[in-house]
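Structural description and commentary
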Amino acid sequence: MSNIREIKRRIRAISNIQHVTGAMKMVAASRLRRAQSRVWAARPYAQKTAEVAGRLALSPNAQTLPLVASREVKKTAYVLIVGDKGLAGAYNANLIHLTEDRLVKEGQPAGLVVVGRKGLQYFRRRSVEILKYYVDIGDEPDLSLARELARQLMDIFLSGQVDEVNLIYARFISALRNIPQVERLLPIETPSVEGTETIDYIYEPEPVGVLEAILPRYCEVKVYQALLEAKASELSARMVAMESATKNSAEMIEQLTLSFNKARQAAITTELLEVATGAEALKAQG
Amino acid sequence: MSTSRFEVVTPQRRILAEEVESVIAPGAEGYLGVLPRHAPLLTILKPGVVFFRKVGGKTECMAVSGGLLEAGPDKVIILADTAELSWEIDVERARRAKERAEKRLRERYAGLDVARAEFALQRSLARLKAAEGS
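Please read all numbers here as calculations on a predicted model, not as lab measurements.

1. Quick notes on the domain arrangement of chain A
Residues and elements named next belong to chain A. By domain assignment, chain A separates into domain 1 (2–21 + 242–285) and domain 2 (22–239). Here the C-alpha centre of domain 2 lies 54 Å away from the C-alpha centre of domain 1. Between domain 1 and domain 2, the residue contacts involve seven residues of the former and seven residues of the latter. Interface of domain 1 and domain 2: buried area, both sides summed, is about 570 Å²; carbon and sulfur atoms make up 55% of it. On the domain 1 side of the interface with domain 2, the three residues burying the most area are V20, M242 and E243, jointly 77% of the side's total. The interface formed by domain 1 and domain 2 contains zero salt bridges. Inspection of the domain 1/domain 2 interface yields 12 residue pairs in polar contact (both at pLDDT 80 or more). Secondary-structure elements contributing two or more residues to the side of domain 1 that touches domain 2 are α1 (2–57) and α5 (207–285). Residue composition of the side of domain 1 that touches domain 2, grouped by class: two nonpolar, four polar and one charged.

2. Looking at the confidence of the model for chain B
Scored by pLDDT, chain B comes out at a mean of 86, with 99% of its residues at no less than 70. Reported confidences for the modelled complex are a pTM of 0.82 and an ipTM of 0.76.

3. Things to note about the packing of helix α1 (residues 91–107) of chain B against helix α2 (residues 114–132) of chain B
All names here are of chain B. Where α1 meets α2, the axes come as close as 8 Å, and the angle between the chain directions of the two elements is 150°. Classified by the interaxial angle, the pair formed by α1 and α2 is roughly antiparallel. Crossing handedness for the pair α1 and α2: left-handed. Each of V91, A94, R95, A97, K98, A101, E102 and L105 in α1 lies in contact with α2, whose residues at this interface are V114, A117, E118, A120, L121, S124, L125, R127, L128 and A131.

4. Describing the interface of chain A and chain B
Counting from both sides, the interface comprises 24 residues of chain A and, opposite them, 25 residues of chain B. When the two sides are added together, the surface that chain A and chain B hide from each other amounts to roughly 2,200 Å², 63% of it contributed by carbon and sulfur. For R217 of chain A, the salt bridge goes to D81 of chain B, with nearest N and O atoms at 2.7 Å. Taken together, the connections running from chain A to chain B amount to two residue pairs in polar contact (both at pLDDT 80 or more). At the level of elements, α1, α4 (143–158), β6 (202–204) and α5 of chain A are the ones that each hand at least two residues to the side of chain A that touches chain B. Per-element accounting of the side of chain A that touches chain B gives the leading share, nine residues, to α1 of chain A. Inspection of the sheet shows β6 of chain A paired to strand β4 (residues 41–54) of chain B by three bridges, in the parallel sense.

5. Brief notes about the side chain of N166 of chain A
Following the sequence through the fold, N166 of chain A ends up in strand β4 (residues 164–174). Setting aside residues up to four positions removed in sequence, N166 of chain A forms contacts with T76, A77, Y78, V79, V182, E183, R184 and L185 of chain A.

6. Focus on the nonpolar core
By size, the foremost hydrophobic cluster in this structure holds 82 residues, and its most contacted members are L153, V165, L186 and L215 of chain A. Apart from residues no more than four positions distant in its own chain, V165 of chain A is found in contact with A77, V79, L153, F157, E183, R184, L185 and L186 of chain A. Counting 22 residues, the second-largest nonpolar core is a separate cluster that includes L16, L69, A80 and L85 of chain B.

7. What to know about the pattern of salt bridges
Residues and elements named next belong to chain A. All chains considered together, the criterion is met by 23 salt bridges over all chains. For R238, the salt bridge is made with E234, and the minimal N-O distance between the two is 3.1 Å. Within this pair, R238 and its partner E234 are both found in helix α5, separated by four residues, close to a single helical turn. Among the charged side chains, a network of salt bridges with common partners joins R43, R171, E183, K222 and E229.

Cut-off values and rules
Residues numbered from 1 in each chain as written. Chains lettered and ligands numbered in written order. Predicted model: local features only at pLDDT ≥ 70, side-chain atom pairs only at ≥ 80, totals over all residues. Heavy atoms only, no water. Domains from an automatic or database assignment. Contact = heavy atoms within 4.5 Å. Buried area = accessible area lost by both parts, 1.4 Å probe. Salt bridge = Lys/Arg side-chain N within 4 Å of Asp/Glu carboxyl O. Polar contact = N/O pair within 3.5 Å; in protein donor to acceptor, adjacent residues only side chain to side chain. Helix = DSSP H or I, 4+ residues; strand = E, 2+ residues; numbered from the N terminus. Nonpolar A, V, L, I, M, F, W, Y, C, P; charged D, E, K, R; others polar. pLDDT = per-residue confidence, 0-100. Axes fitted to C-alpha atoms, helices over the stretch in contact; angles between N-to-C directions. Parallel < 35°, antiparallel > 145°, perpendicular 65-115°, else oblique. Left-handed = near helix turned anticlockwise from the far one by under 90°. Pairing = 2+ DSSP bridges. Core = buried A, V, L, I, M, F, W, Y, C linked by side-chain atoms within 4.5 Å. Buried < 20%, exposed > 50% of the residue type's maximum accessible area, 1.4 Å probe, protein only.

This is the structure in structure tokens:
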């Protein structure tokens, strides 16, 4: 009997869990929709800025600008962008491992800038130099945060504290797919578009002046884009994780219901048997 | 009359994409007008009002708080830090921002970031002007 009650309790518990994961999935899905549209909305600006910056960087004196000029790399900074919360499948773990791999592989001094509580929780306990951290970004990484972060990164790069800055985040491909990746932020890589049409532009003010104005913006928008993509990836990972959790609990409920029925049937059979034997015994006596 | 494709994008979204007959924008070295078949040009924008004449002759305007303008023979692209079409502007908010900036510049307390206050003043003036011009 206790077995039956036990199974019944478990079914109820799992069905409660299923409700919760189902609700979390719906929440993640609706937030994902918004995050996704923000990613799309931000892309034209990022593209255009990259286009203009790329074209300008080809001009001869661009290579000497401090944000572009590459130097011998003695120390690298990695910017890890992860979530503040868990329950998103392997999303956070994948990015953290990628970062750790990078830190170990390089074997040279490196600093870490962490965005997202999960990353901070992990790396705070390790012997990694954390240059800066940001937590509680919320659902809408706003532009002013991206600007501040970009400015900090440019500062530590320009002051010579580090010689390279890389972003580590999950690129958002679709609701079912994101790719954790390492992307160079500084020094700014100039696309090698040799041979493409070099239009003779009129610059106002002179090219280097324009370039000096556009490069920081380019950095900002790249950071902004990374934050948006990371957020969309996180939400999509959470949605997928919660969906499979919901499915798994449905499966478990099915199995438990089956064993519940079996146990109930067995109990009834035993009872019947008892009644029958009892009756038989009485008849024999009489 | 030929037209240009006029696009305004900010980091958050695309504000506008339309065929226009002319664009007037606050360039680094003063306001400049761009007509179709303009020579390739790239300029920094200051905070100010951008006027554009749509096909058919209706002129509209928007406030930008700085950015870049790229002009080509058949297109004009503005990469704005922020941009608001004249009818989207919150006039009350812009007026408050203007008063705040003016007050700061008048009082000049120690530690005031003058450049920033001036920039804020220019931005709010651009907004008010654009809102009026509609």
